[in-house]
2 protein chains.
Amino acid sequence: MRVFIVHAHPEPKSFNGAMTRAAREALTAAGHEVVVSDLYAMGFNPVSDRRNFTTVADPDTYRQQNEEAYAVAHDGLAADITAELAKLDWCDTLILQFPLWWFGLPAILKGWIDRVFVSGGRVYGGGRWYDNGVFAGKRAMCALTIGGAASMYSEHGLSGPIGSILYPVNHGMLYFTGFTVVEPFLVHAPVRISAEDRAAHLARYRARVLDLPAAPVISYPKLADYDERMVLKAPPG
Amino acid sequence: MRVFIVHAHPEPKSFNGAMTRAAREALTAAGHEVVVSDLYAMGFNPVSDRRNFTTVADPDTYRQQNEEAYAVAHDGLAADITAELAKLDWCDTLILQFPLWWFGLPAILKGWIDRVFVSGGRVYGGGRWYDNGVFAGKRAMCALTIGGAASMYSEHGLSGPIGSILYPVNHGMLYFTGFTVVEPFLVHAPVRISAEDRAAHLARYRARVLDLPAAPVISYPKLADYDERMVLKAPPG
C-alpha cells in the first residue's frame, strides 16, 4: 500500500499522535509506504481565498470555483495545495486522523479539504464525482477520537448516531471525490481509560491499517441509481 | 432583537454578502440592533491551539479542554475569543451566514466554533448543555447558499437531505450550547438564477430575519428524555 495520513492534532503526545505513529510503524514494518501531512506541524493555512492561487481569473469578484478551474487550467494552484494534491495522486489509501471537535473535523482539517479538493476536473468537476470520481479505486478512512461515551453516539444517543455525524465527511468529502469509504475507526474518551485499554486500542488500530484493503466499507448508491434530478430512482422502503 | 451575525465569505460582492447587508438593513430599519463579525474581513484565525490562551495550565502537554477550563477560571482567554464571547452574551439571536462548502461550514467558521465555544462552564461544561445550555433562551439560525439544486438535497437526493447535512451544526453546535434552533434559510445556486429571483430571495430573507422570534424551529428531545447512559428512554417508532 501507499498510505497518505492527514493528521490534525495540535499535541504530538495526544492519543491521535500515538495512533499516527502506530500506523506508520506497523505499515512501514510490513513493507508499505507512508506519507504523513501533520497539519499543525506544517502550519497549514486552512483559510480558502485568493492565496489558493498564483493566477487571477477575475480581479474584480472572487468566485472560488471559477478561480479553481482557471488555476487548474493555467498551472496556478498555490504550492501548498499542489504538494497535497501530489500526495493524493500518489497514495492508494487515505487516512484522515483527527479528534472529533464539535461533531466534525477540526478547522485545520476542514480547511485542508476546502483548499485542496479543487474543482475544474482536478479533484472534481466535469462529471467527475462519486463512483466516477477522480479518486475512484482508492480507499479512505476516518480514524478519530471522540470525547464522549459510545452510548451517546448510538442510534438514540444524545449526540446522535456516529454514522449520521460523519455522513458529511464520509459521503460528502470522501465518496464525493471517488474514494471507497472504509468504516471509521473510533476510540472513545482515550484520556479517561486505562493505559492497558489505550494499548489495546493501538493494537487494534495497527491491525486495522494493515487490513485496509479488506476492511469493511460503507455501501452507497451509484450515480446510475439516480434520475436526471439526482434523486434515487428506487428509494429503499 | 439584538442580532449577532457571524459572516463567513471571502467576497463582499457574493450573494452571502448581499444577504448579510439585507439582514442588517431590514433589522436596523425596524429598530433592532445588529452586530456582524465578518470573519474574512477580520482575518479571524480559525486554528485552535495554545494561542487561544494567555494562560498555561500544563506547559508539557496541550490538552485543549483542560486549558480552556483553566483559562476561563484565570481570565486567560485570548482577546479575539473574549470579544466574540461578549457578542454571544449580548445577542438574543445568532445567525451563521455561510456558503455550504463540502457539506459543512467553511473552515474559518468551523474554527470560530472550535475556538470561541470554550468549556469550563463558559459556553459548555459542568452540566451546561442542550436545554440546560449557557445560551438557553436565545435563538440561532443558519443562513446559507448551496451550489446544487434543491432536489439533490431532498430525502433521496444524491447529496443527502439538507437536514442530515446540517445536523452536526444545528444539533451539535447550536442546540448543544442551548440555542433554540430556527429552521435554516437556504438559497440554492444563487449564481445560476436570474436577478429577479435573487431579489425575491433577498426579500424573503428580510422577512425571515424580521420574523425570527416567531419563525419555525427544529424540535429536539430534552435532556430529561435521556437515561443515565444518555440514550433516549422512549425512542420513536
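Everything below is about the structure shown above.
Residues numbered from 1 in each chain as written. Chains lettered and ligands numbered in written order. Predicted model: local features only at pLDDT ≥ 70, side-chain atom pairs only at ≥ 80, totals over all residues. Heavy atoms only, no water.

Novice: I'm lost on the overall build of chain A in this one. Help?
Specialist: In terms of regular secondary structure, chain A is built from eight helices and six strands. Tracing chain A from N to C terminus, the helices and strands come up as β-α-β-α-α-α-β-α-β-α-α-β-β-α. At 19 Å, chain A has a C-alpha radius of gyration in line with the 18 Å of a compact globule built from 237 residues. Buried residues in chain A amount to 56% of all 237 residues. The long-range fraction of contacts in chain A, counting pairs at least 24 apart against all pairs at least 6 apart in sequence, stands at 73%. For chain A, the accessible area works out to roughly 9400 Å², and carbon and sulfur atoms hold 54% of it. Both charge centroids of chain A, one from 22 positive and one from 24 negative side chains, sit 3 Å from each other. (Helix = DSSP H or I, 4+ residues; strand = E, 2+ residues; numbered from the N terminus. Rg over C-alpha atoms; globule rule 2.2 N^0.38 Å. Buried < 20%, exposed > 50% of the residue type's maximum accessible area, 1.4 Å probe, protein only. Contact = heavy atoms within 4.5 Å. Areas by Shrake-Rupley, 256 points an atom, 1.4 Å probe, with all protein chains shown as cover. Lys, Arg positive; Asp, Glu negative; His and termini not counted. Charge placed at Lys NZ, Arg CZ, Asp CG, Glu CD.)

Novice: I keep staring at the environment of K110(B) and nothing clicks. Help me out?
Specialist: As for its placement among the helices and strands, K110(B) is situated in helix α5 (residues 107-116). With a relative accessible area of 4%, K110(B) lands in the buried category. Note: C-alpha distance between K110(B) and R229(B) (119 residues apart in sequence) is 28 Å. Setting aside its immediate chain neighbours within four residues, K110(B) contacts W101(A), W102(A), G104(A), L105(A), P106(A), A107(A), L105(B) and M173(B). Engagement of the side chain of K110(B) in a polar contact is seen with the backbone oxygen of W101(A), the distance being 2.8 Å. (Polar contact = N/O pair within 3.5 Å; in protein donor to acceptor, adjacent residues only side chain to side chain.)

Novice: How do you make sense of the relation of the copies chain B and chain A when you look at a structure like this?
Specialist: Both copies of the chain are related by a screw-like operation: a rotation about an axis and a shift along it. When chain B is fitted to chain A, the residual RMSD is 0.0 Å, and the transformation amounts to a turn of 180 degrees plus an axial shift of 0.0 Å. Both copies of the chain, as the preceding transformation shows, are related through a two-fold rotation axis. Proximity to the rotation axis, assessed at the C-alpha, singles out A107(B) in chain B; its C-alpha lies 2.4 Å from the axis. An overlap of 100% is found between the interface residues of chain B and their copies at the interface of chain A, pointing to a shared contact surface. (Least-squares fit on C-alpha atoms with pLDDT ≥ 70 in both.)

Novice: Help me understand the interface of chain B and chain A in this model?
Specialist: How big an interface is tends to be stated in terms of accessible area lost as the parts join. Taken together, the contact pairs 52 residues of chain B with 52 residues of chain A. For the pair chain B and chain A, the two sides together bury roughly 4400 Å², of which 67% comes from carbon and sulfur. Contact with chain A buries area across many residues of chain B, yet W102(B), H156(B) and L158(B) alone supply 21% of it, more than any other trio. Where chain B packs against chain A, one counts two salt bridges. K13(B) is the partner of D60(A) in a salt bridge, and the nearest nitrogen-oxygen pair spans 3.0 Å. (Buried area = accessible area lost by both parts, 1.4 Å probe. Salt bridge = Lys/Arg side-chain N within 4 Å of Asp/Glu carboxyl O.)

Novice: Sorry if this is basic, but what is going on with the packing of helix α1 (residues 15-29) of chain A against helix α8 (residues 195-210) of chain A here?
Specialist: Helix-helix packing is characterised by the crossing angle of the two axes and by the distance between the axes. Residues and elements named next belong to chain A. Where α1 contacts α8, the two axes come as close as 9 Å, and the packing angle between them is 45 degrees. Classified by the interaxial angle, the pair formed by α1 and α8 is oblique. For the crossing formed where α1 meets α8, the hand is right-handed. Counting all contacts with α1, which are made through F15, A18, M19, A22, A23, A26 and L27, the residues of α8 involved are R198, H201, L202, Y205, R206, V209 and L210. (Axes fitted to C-alpha atoms, helices over the stretch in contact; angles between N-to-C directions. Parallel < 35°, antiparallel > 145°, perpendicular 65-115°, else oblique. Left-handed = near helix turned anticlockwise from the far one by under 90°.)

Novice: I'm lost on helix α4 (residues 79-90) of chain A in this one. Help?
Specialist: One turn of the α-helix equals 3.6 residues, which is why residues spaced by three or four share an orientation. All names here are of chain A. With 12 residues, α4 should cover 16 Å at 1.5 Å per step; its first-to-last C-alpha distance of 17 Å lies within 8% of that length. Taken together, the buried positions of α4 are I81, E84, L85 and L88. Summarising the axial view, the buried residues of α4 lie within an arc of 105 degrees, below the 170-degree limit, and thus occupy one face. (Expected span 1.5 Å × (residues − 1). Arc of directions from axis to C-beta.)

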